[in-house]
Amino acid sequence: MSREIVLDTETTGFDPRTGDRMIEVGCIEIEDLLPTGRTFHRLIHPERLIPADAIRVHGITDEKVKDAPKFAEIVIDLCDFIGDAPIIAHNAQFDRNFIDHEFGRCGRVLFPEDRWIDTLKLAQARFPGMANSLDALCKRFKVSLVERTLHGALIDARLLAEVYLELKGGKERRLDLSASRTVTAAAAAHAAAGYPPRPRPLLTRGGEAEQAAHEAFLRATLKDWSLWKGYGLDIEKASAA
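Concerning helix α7 (residues 153–167)
1) Next: If you check α7, its first and last C-alpha atoms are 20 Å apart, about what 15 residues at 1.5 Å a residue would give, namely 21 Å.
2) Next: Most of α7 is tucked away, with 12 of its 15 residues classed as buried.
3) Next: Just downstream of α7 lies G169, where phi reads positive at about 130 degrees.

Focus on the pairing of strand β2 (residues 22–31)
1) Next: Across the 10 residues of β2, nine count as buried, placing the element largely inside the fold.
2) Next: By the bridge criterion, nine bridges tie strand β1 (residues 3–11) to β2 in an arrangement that is antiparallel. Within the sheet, the bridge partner assigned to R3 lies in β2 and is E31.
3) Next: Pairing of β2 with strand β3 (residues 34–43) involves seven bridges; the strand directions are antiparallel. Across the sheet, residue G26 finds its bridge partner in β3, namely H41.

Let's talk about the sheet that holds β1
1) Next: The strand order β3-β2-β1-β4-β5 describes an open sheet built from five strands, whose pairing is mixed. Bordering the open sheet on either side are β3 and β5 (116–118), each of which pairs with just one other strand. Each neighbouring strand pair of the sheet contributes to a mean axis angle of 25 degrees, computed without reference to strand direction.
2) Next: Seen against the sheet, helix α5 (residues 119–126) touches β4 (87–89) and β5 and runs at an angle of roughly 40 degrees to β5.

Considerations on α5
1) Next: Residues T119, L120 and A123 constitute the buried set of α5. Relative to the axis of α5, the buried residues are bounded by an arc of 105 degrees and lie together on one face. Facing away from the buried surface of α5 by more than 90 degrees, the exposed residues are K121 and A125.
2) Next: Looking at the packing, one finds that the buried side of α5 touches β4, β5, α6 (134–140) and α7.
3) Next: The backbone nitrogen of L120 has a side-chain oxygen 2.9 Å away, supplied by the residue at the start of α5, namely D118.

Describing the packing of helix α3 (residues 71–82) against helix α4 (residues 92–106)
1) Next: Contact geometry of α3 with α4 gives a least axis separation of 10 Å together with a crossing angle of 110 degrees. Our classification of the angle between α3 and α4 gives roughly perpendicular. As α3 packs across α4, the resulting crossing turns out to be left-handed. Along its contact with α3, which presents F71, A72, V75, L78 and C79, the element α4 presents I99, E102, F103 and C106.

Overview of the environment of G26
1) Next: Examined against the element boundaries, G26 turns out to sit in strand β2.
2) Next: With residues near it in sequence (within four places) discarded, G26 still touches V6, L7, D8, F40, H41, A153, L154 and A157.

Regarding the pattern of salt bridges
1) Next: Applying the stated criterion across every chain yields a total of 13 salt bridges.
2) Next: Note that R38 and E29 form a salt bridge whose closest N and O atoms lie 2.9 Å from each other.
3) Next: Given the relative accessible area of 43%, R38 is considered partly exposed.
4) Next: On the basis of relative accessibility, which here comes to 5%, the residue E29 falls in the buried class.
5) Next: Close ionic contact of D77 with R42 constitutes a salt bridge, the shortest N to O distance being 3.9 Å. Placement of D77 in helix α3 and of R42 in strand β3 is noted, with a sequence separation of 35 residues between them.
6) Next: Take R42: its relative accessible area is 28%, and that puts it in the partly exposed class.

What about the packing of aromatic side chains?
1) Next: Within this structure, the stated rule accounts for five aromatic pairs.
2) Next: A centroid spacing of 5.9 Å and a plane angle of 35 degrees characterise the contact between F40 and F81, whose relative ring orientation is tilted. With F40 in strand β3 and F81 in helix α3, this residue pair connects regions lying 41 residues apart in the sequence. With respect to burial, F40 and F81 carry one shared label: buried.
3) Next: A connected cluster of aromatic rings, assembled from ring pairs, spans F71, F103 and F111.

A word on the environment of L165
1) Next: Assignment of secondary structure puts L165 in helix α7.
2) Next: In this structure L165 comes out as buried when scored by relative accessible area, which is 7%.
3) Next: C-alpha of L165 to C-alpha of D32: the two residues are 133 residues apart in sequence and 9.2 Å apart in space.

How each quantity is defined
Residues numbered from 1 in each chain as written. Predicted model: local features only at pLDDT ≥ 70, side-chain atom pairs only at ≥ 80, totals over all residues. Heavy atoms only, no water. Helix = DSSP H or I, 4+ residues; strand = E, 2+ residues; numbered from the N terminus. Expected span 1.5 Å × (residues − 1). Buried < 20%, exposed > 50% of the residue type's maximum accessible area, 1.4 Å probe, protein only. Pairing = 2+ DSSP bridges. Axes fitted to C-alpha atoms, helices over the stretch in contact; angles between N-to-C directions. Contact = heavy atoms within 4.5 Å. Arc of directions from axis to C-beta. Polar contact = N/O pair within 3.5 Å; in protein donor to acceptor, adjacent residues only side chain to side chain. Parallel < 35°, antiparallel > 145°, perpendicular 65-115°, else oblique. Left-handed = near helix turned anticlockwise from the far one by under 90°. Salt bridge = Lys/Arg side-chain N within 4 Å of Asp/Glu carboxyl O. Phe/Tyr/Trp six-rings, centres within 6.5 Å; stacked < 30°, edge-to-face > 60°.

Shape descriptors only; they carry no functional weight alone.
Shown next as structure tokens:
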């Protein structure tokens, strides 16, 4: 399985070089593009006051983080959760700047650049000239924003995991994965049972008109016909006829 980590952060501002700090980090583990249910979420004491403009964005106040751990106290747990997986982030350079800054303060080795995957760049390549913020992509892909009234690291990571799935092929890919696993499991069960192949294939009960209508439906609906080819139906040949 392909393990990846979807990551989002909330901060006191835009630039760690001017004194801004991270105040929240949220991570979602995905395998084969689907969430596993494992998450990592921490509020972080920024060792400075949080500006009012930042509070209006994420709602995290000084009161909320007064008893939170400092980044140095959570960095080992964060690194253990991420492991050696690729890191998915939207406008990844922003999150990376803060992660790198905090790692530098702790004396930690930085995550290599090639570990970061930027969904903003993926979206810009797919939708050039269009709005490609996380909100815009959620609306475009019909990902519900009903539970999100303010920005938050974990909820934004959850939204981004859904957007990333869509950017990588969407629900069609998820169905392909499910179908592949179902067919593989069925084949394994069949082999384990020791049943020999059927000596003669079952004859279809549909007439020629029904078969033609079915093939026309498949040609108009499906992008990938490999599953049906496995059952002996050659859509391309039927199309040419």
